[in-house]
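Geometric and topological summary
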Amino acid sequence: MKKRMIVLLAALCTVSLIGGCGDKKAAKNETEVSDGETSAEAYNVDDCVKLGEYKGLELTLGTYEVTEEDVRNNIESTLASYPSYEDTDKTVVEEGDVVNIDYEGLKDGVAFDGGTAQGANLEIGSDSFIDGFEDGLIGNKIGDKVELNLTFPEGYQNAELAGQAVVFKVTINKIVEEKFMTYDTVTDEFVASNFVSEGYQNVDDMKKGVREKLESNNEANKKTDTQNAVFEKLRETSTVTLPDGLLDQRIQEYMDQFTDNLKTSYNMELADYLNGTGSTEDEFNQQVHQYIEDSLTNQLLMEAIAKKEKIEVDEEGFAEYKQGIVTDFGYENEAALIEQYGEDYVKNAYISDKAMDFVIDNAKVTYDAENADKTQTPE
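Residues numbered from 1 in each chain as written. Predicted model: local features only at pLDDT ≥ 70, side-chain atom pairs only at ≥ 80, totals over all residues. Heavy atoms only, no water.

1. Remarks on the packing of helix 6 (residues 246–266) against helix 8 (residues 281–308)
- Across the interface, helix 6 lies against helix 8 with an axial gap of 10 Å and an inter-helix angle of 120°. By the angle class used here, helix 6 and helix 8 are oblique. The handedness of the crossing between helix 6 and helix 8 comes out as right-handed. Facing Leu246, Leu247, Arg250, Ile251, Tyr254, Met255 and Phe258 of helix 6, the residues of helix 8 in contact are Phe284, Val288, His289, Tyr291, Ile292, Glu293, Leu296 and Gln299.
- Taken together, the residues that form the contact of helix 6 with helix 8 break down as 11 nonpolar, 2 polar and 2 charged. (Axes fitted to C-alpha atoms, helices over the stretch in contact; angles between N-to-C directions. Helix = DSSP H or I, 4+ residues; strand = E, 2+ residues; numbered from the N terminus. Parallel < 35°, antiparallel > 145°, perpendicular 65-115°, else oblique. Left-handed = near helix turned anticlockwise from the far one by under 90°. Contact = heavy atoms within 4.5 Å. Nonpolar A, V, L, I, M, F, W, Y, C, P; charged D, E, K, R; others polar.)

2. Side note on the nonpolar core
- Residues Leu234, Leu270, Phe284 and Met302 are the most contacted members of the largest nonpolar core, which totals 39 residues.
- Within the residue set of this core, elements represented by two or more residues are helix 2 (45–48), strand 2 (58–61), helix 5 (203–237), helix 6, helix 7 (270–277), helix 8 and helix 11 (343–361).
- By residue number, the principal contributor to this core is helix 8, which donates 10 residues.
- Setting aside residues no more than four positions away along its own chain, Leu234 makes contact with Glu53, Tyr54, Leu57, Leu301, Met302 and Ile305.
- Of all hydrophobic cores here, the second largest spans 22 residues; its members include Val99, Ile101, Tyr103 and Leu161. (Core = buried A, V, L, I, M, F, W, Y, C linked by side-chain atoms within 4.5 Å. Buried < 20%, exposed > 50% of the residue type's maximum accessible area, 1.4 Å probe, protein only.)

3. Side note on the pattern of salt bridges
- The final tally for this structure, using the stated rule, is 15 salt bridges.
- Of the charged contacts in the structure, one is a salt bridge between Arg211 and Glu68, with a shortest N-O distance of 2.7 Å. Pair noted here: Arg211 is in helix 5 and Glu68 is in helix 3 (residues 68–79), with a separation of 143 residues, a long-range link.
- Given a relative accessible area of 23%, Arg211 falls into the partly exposed group.
- With relative accessibility at 52%, the residue Glu68 sits in the exposed group.
- Put simply, Glu68, Arg211 and Glu215 are held in one network by salt bridges that share partners. (Salt bridge = Lys/Arg side-chain N within 4 Å of Asp/Glu carboxyl O.)

Printed below as a string of structure tokens:
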């Protein structure tokens, strides 16, 4: 649960791993607001960070090689989501059976969106449907038409159905047996029928494509793990004092962005999200506090290194950096990115990334699975 929450926290923070979350206000550094009052963003990084050694850091990480076993396991996992079904001679539904059904869900006598399907295969006991649906089919026979009077749970993600009484009209078509292809039995025909959208025409295409994806993922993990290891070492050797009020300001900015994204992207309130993740508000707030505190600490460390090494924006590299963000995060164009975050903020994020590259380029990194530091991205 903790990992799932952090993944969403990170997903909603779109600009920079190092720069942390924020908006246009977060671009200020060593500036003052117009009425003469000092903003929480107006700080001198030299007063906040006492740098320790940051050149020649010794880091030991695991191996990022993709093995044949990795390819096999990935394909096996993928094939587990693509079952085929064979008819059986069974006539009475029991726990554990896979039944092929037609169903229609009605609320106040009217079919509701997403509540109707034909020829759906459902494993009895999988808890795929709301409470009472699967149990209500046990003991019925092929050809039976069953009416199930049920109630959606209070915390159901569709607010219009949450806590509402409904009727499902179900026809039991047949009882089937679920079968799966494996790495050793999958055929060219099966791959072409199910994975053409992935660009796979045959088994060899699939094996090659999976390997390429795993290598790409491992390379991304390698970069993230290396950055995390750098931050861990820097925290051990440096002292960071957060500017007064800045952490609270960033947390508030983040929460505003988080709740707005929940509403606009998922039509969810924070309470709905917490209910869906099984987390309390206190747990969530603690996670946000820790996440933003770590992000802000990392940002200050990179700012301090960038200032000491006189790292500045180069126009060609900055243009490439902005285009990369536009592409990776689906902005309409560069102007949309700048409109959301401001030119100065994006420049600061770019400089922080360059500072991280500088530290990594000057580090001594060893890739050794047996003696790796405990900083790698969790599976």
